[in-house]
Amino acid sequence: MSTFGTLFRVTTYGESHCASVGCIVDGVPPGLRLTDADIQVQLSRRRPGQSNLTTPRDEKDLVRLQSGIEHGVTLGTPIGLLVQNQDQRPHDYSETDFYPRPSHADWTYLQKYGIKASSGGGRSSARETIGRVAAGAIAEKYLKEAHGVEIVAFVSSVGKIHIPTTPPTPPSNGDEDEDAATDVFTPEYLHLLKTITREIVDKDLTRCPHAETAEKMTQRIIRAKESHDSIGGTVTCVIRNVPSGLGEPVFDKLEAHLAHAMLSIPATKAFEVGSGFKGTEVPGSRHNDAFIAREGGAGGLATTTNWSGGIQGGISNGQDIYFKVGFKSPATISKEQATAQYDGTPGTLAARGRHDPCVVPRAVPIVEAMAALVLMDQLFIQNSRVAAATLLPRVNTLPPSMVLPPRTPAPEQ
Ligand SMILES: Cc1cc2nc3c(=O)[nH]c(=O)nc-3n(C[C@H](O)[C@H](O)[C@H](O)COP(=O)(O)O)c2cc1C
């Protein structure tokens with residue numbers, strides 16, 4: 001459906017070529033300072049027509065707050081956000097009156113609803129993600145102000161060109177465990193995850209923070225464009241300063257919600273968290289994240305490594321959360337493809353219209369937004385549990401294995 005979240009709820013609306021797109025955000029705490037500009041920043045990073053690496057469809061995507069706010073402060077009531085669709089050219093899509101685009105959503109929408117928007121991708125178009133990005137910007141603002149949460153995504157691969165992440169595999173000595181005894185990611189990549197900022201990400205049009213790789217990615221995307229084809233890629237996201245305790249086992253584990261959120265973004269095909277698929281090759285003795293006393297001396301535990309990606313048992317553990325999302329090569333290409341018309345007549349489709357040769361540079365703020373929506377919702381759910389528990393009389397007779405050790409006050413500075 002078109003609504004996401006439980007206590008922080010976002011409903012998006014709009015199709016590729018209708019009058020406007022946007023969303024209603026319900027559950028925004030009252031008293032948050034908020035302006036159009038707070039939201040516009042992320043919409044401008046998402047908008048089409050940013051560079052020669054994206055679709056030339058020219059939309060400014062200027063957002064207007066419609067409700068839920070007065071004197072620049074939220075009222076706690078639903079916030080409406082609206083962006084006009086301006087560069088509408090439905091006639092670009094006339095050949096798709098006859099042909100469902102291979103691997104796009106034309107045929108499945110028709111199968112499901114028995115009717116579909118006459119032009120563009122309708123609801124399956126990436127225009128829909130404007131509402132997500134706008135709502136995500138509000139969530140992010142709250143998360144930053146309340147907990148110092150930082151969410152940064154970047155392009156980690158385009159086609160077969162990957163940012164360097166893994167150490168070279170040592171020569172095999174015939175022992176499978178020994179062969180795998182290498183860390184999942186290099187210290188340089190782990191440092192990048194710790195320090196990456198949006199300013200660094202935006203230095204290159206690809207949104208890849210590794211200059212040498214970014215240059216190769218640029219050439220790869222241009223090659224796809226010039227050959228009337230398209231190419232896929234991955235976006236990696238890191239979330240820092242995440243409060244521990246977020247996520248609702250067993251069916252609503254935090255990584256399950258992140259996967260749900262990410263795989264609801266158009267064109268996504270894959271998701272992995274922490275060490276991901278690569279982690280499956282490393283023995284437990286190297287993969288386990290050993291505990292250590294948290295810095296500051298006030299009690300609590302941190303981990304020496306973070307192959308778990310900040311989530312254990314479906315619950316955030318206070319370490320950085322990081323995950324990777326795979327995006328397919330966009331379906332609409334102007335290269336001729338042998339396919340069939342809606343009525344089954346075989347034919348050849350060369351789709352006209354303006355399309356992204358690769359979606360990952362524009363997908364970066366969408367991934368950040370969906371991460372913010374998940375965290376915001378899970379934070380509110382956990383806060384409500386904690387608030388309810390504090391009203392109960394304290395039980396002091398439980399064995400130590402059932403409760404957290406008492407906290408020692410932090411030493412005076
Ligand atoms: C930022 C972004 C831009 C996109 N641009 C295009 C595009 O120009 N052409 C296209 O065919 N698909 C594009 N897509 C993907 C389609 O929206 C999506 O692939 C299509 O609806 C089919 O759905 P599915 O891939 O989720 O199965 C884009 C996706 C994103 C996230």
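This one's a predicted model, so the numbers in the text were calculated from it and none came from an experiment. (Residues numbered from 1 in each chain as written. Predicted model: local features only at pLDDT ≥ 70, side-chain atom pairs only at ≥ 80, totals over all residues. Heavy atoms only, no water.)

**Q** Please clarify how the overall build of the protein chain should be interpreted in this entry.
**A** Along the protein chain, the regular secondary structure elements total 11 helices and 18 strands. Scaling as 2.2 N^0.38, a compact globule of 413 residues should have a C-alpha radius of gyration of about 22 Å, and the protein chain matches this with 23 Å. Dimensions along the principal axes, computed over C-alpha positions, put the protein chain at roughly 75 × 65 × 40 Å. Residue burial in the protein chain is summarised as follows: out of 413 residues, 48% are buried. Relative to all contacts within the protein chain whose residues are 6 or more apart in sequence, the contacts with residues 24 or more apart total 73%. Working note: accessible area of the protein chain is about 20600 Å², and carbon and sulfur atoms make up 56% of it. Charge-centre separation for the protein chain: the mean point of 41 positive side chains lies 4 Å from the mean point of 45 negative side chains. (Helix = DSSP H or I, 4+ residues; strand = E, 2+ residues; numbered from the N terminus. Rg over C-alpha atoms; globule rule 2.2 N^0.38 Å. Buried < 20%, exposed > 50% of the residue type's maximum accessible area, 1.4 Å probe, protein only. Contact = heavy atoms within 4.5 Å. Areas by Shrake-Rupley, 256 points an atom, 1.4 Å probe, with all protein chains shown as cover. Lys, Arg positive; Asp, Glu negative; His and termini not counted. Charge placed at Lys NZ, Arg CZ, Asp CG, Glu CD.)

**Q** Would you mind going over the pattern of salt bridges with me for this structure?
**A** A side chain with one charge may pair with a side chain of the opposite charge, provided their charged atoms come close. On inspection of all chains with the given rule, the structure shows 23 salt bridges. Arg-198 is the salt-bridge partner of Glu-140, the closest N and O atoms lying 2.8 Å from each other. Residue Glu-140 is located in helix 3 (residues 129–147), and its partner Arg-198 is located in helix 6 (residues 198–201); the two are separated by 58 residues in the primary sequence. The exposure class assigned to Glu-140 is buried, which follows from its relative accessible area of 15%. Connected via shared salt-bridge partners are Arg-45, Glu-140, Arg-198, Asp-202, Arg-207 and Glu-368. (Salt bridge = Lys/Arg side-chain N within 4 Å of Asp/Glu carboxyl O.)

**Q** Please clarify how the packing of helix 1 (residues 36–46) against helix 11 (residues 360–390) should be interpreted in this entry.
**A** Between two packed helices, the angle of one axis relative to the other and the distance separating the axes together describe the packing. At a closest axis distance of 7 Å, the pairing of helix 1 and helix 11 adopts a crossing angle of 145 degrees. Only Arg-362, Val-364, Pro-365, Ile-366 and Glu-368 of helix 11 make contact with helix 1, whose side of the interface consists of Gln-42, Arg-45 and Arg-46. Broken down by class, the residue content of the contact of helix 1 with helix 11 amounts to three nonpolar, one polar and four charged. (Axes fitted to C-alpha atoms, helices over the stretch in contact; angles between N-to-C directions. Nonpolar A, V, L, I, M, F, W, Y, C, P; charged D, E, K, R; others polar.)

**Q** What is the right way to look at the sheet that holds strand 9 (residues 161–162) in this model?
**A** Strands pair in a sheet through their backbones, by hydrogen bonds, and they do so in one of two ways: parallel or antiparallel. Read from one edge of the open sheet, five strands run 9-8-10-16-11, paired in antiparallel fashion. Edge strands, defined here as strands with exactly one partner in the open sheet, are strand 9 and strand 11 (268–273). Summarising the sheet, strand 10 (residues 233–240) and strand 16 (residues 321–327) pair through seven bridges and their orientation is antiparallel. What sits directly across from Cys-237, in strand 16, is Phe-323. Packing of helix 5 (residues 187–195) onto the sheet brings it into contact with strand 8 (150–158), strand 10 and strand 16, and relative to strand 10 it is tilted by some 60 degrees. The strands touched by helix 11 within the sheet are strand 8, strand 10 and strand 16, with strand 8 carrying the most contacts at an inclination of about 145 degrees. (Pairing = 2+ DSSP bridges.)

**Q** Looking at this structure, how should I read the packing of aromatic side chains?
**A** Each aromatic ring pair is summarised here by two numbers: the centre-to-centre distance and the angle between the ring planes. In total, this model carries eight aromatic pairs according to the counting rule given. Aromatic pair Phe-185 and Trp-307: ring centres 6.2 Å apart, planes at 50 degrees, arrangement tilted. Here the residue Phe-185 occupies a position in the loop between helix 4 (176–180) and helix 5, and Trp-307 occupies one in the loop between strand 13 (301–303) and strand 14 (311–312), the gap between them amounting to 122 residues. Across this residue pair, the class does not change: Phe-185 and Trp-307 are buried. Ring geometry for Phe-271 against Phe-323: centres 5.5 Å apart, planes inclined by 35 degrees, an arrangement best described as tilted. Taken together, the residues span a long stretch of sequence, with Phe-271 in strand 11 and Phe-323 in strand 16 at a distance of 52 residues. Classification of Phe-323 as buried rests on a relative accessible area of 2%. Taken together, the aromatic side chains of Phe-185, Tyr-189, Trp-307 and Tyr-322 make up a single cluster linked through ring pairs. The ring of Tyr-113 is capped by Lys-112, whose NZ or CZ atom sits 5.8 Å from the centre of that ring. (Phe/Tyr/Trp six-rings, centres within 6.5 Å; stacked < 30°, edge-to-face > 60°. Lys NZ or Arg CZ within 6 Å of the ring centre and 35° of its normal.)

**Q** Would you explain the sheet that holds strand 7 (residues 79–84) in this entry?
**A** Spatial strand order, 1-2-3-7-4: five strands in an open sheet with antiparallel pairing. Each having just a single partner strand, strand 1 (3–4) and strand 4 (63–65) make up the two edges of the open sheet. Of the pairings in the sheet, the one linking strand 3 (residues 20–26) to strand 7 comprises six bridges and is antiparallel in character. Bridge pairing in strand 7 links Val-25 to Ile-79.

**Q** What am I meant to see in the packing of helix 1 against helix 3 here?
**A** One way to put it is that helix 1 packs onto helix 3 with a least axis distance of 9 Å and a crossing angle of 140 degrees. Judged by the angle between their axes, helix 1 and helix 3 are oblique. Taken as a pair, helix 1 and helix 3 cross one another with a handedness that is right-handed. On helix 3, the residues touching Asp-38, Ile-39, Gln-42, Leu-43 and Arg-46 of helix 1 are Thr-129, Ile-130, Val-133, Ala-134, Ala-137, Ile-138, Glu-140 and Lys-141. Of the residues in the contact of helix 1 with helix 3, the class split is seven nonpolar, two polar and four charged. (Parallel < 35°, antiparallel > 145°, perpendicular 65-115°, else oblique. Left-handed = near helix turned anticlockwise from the far one by under 90°.)

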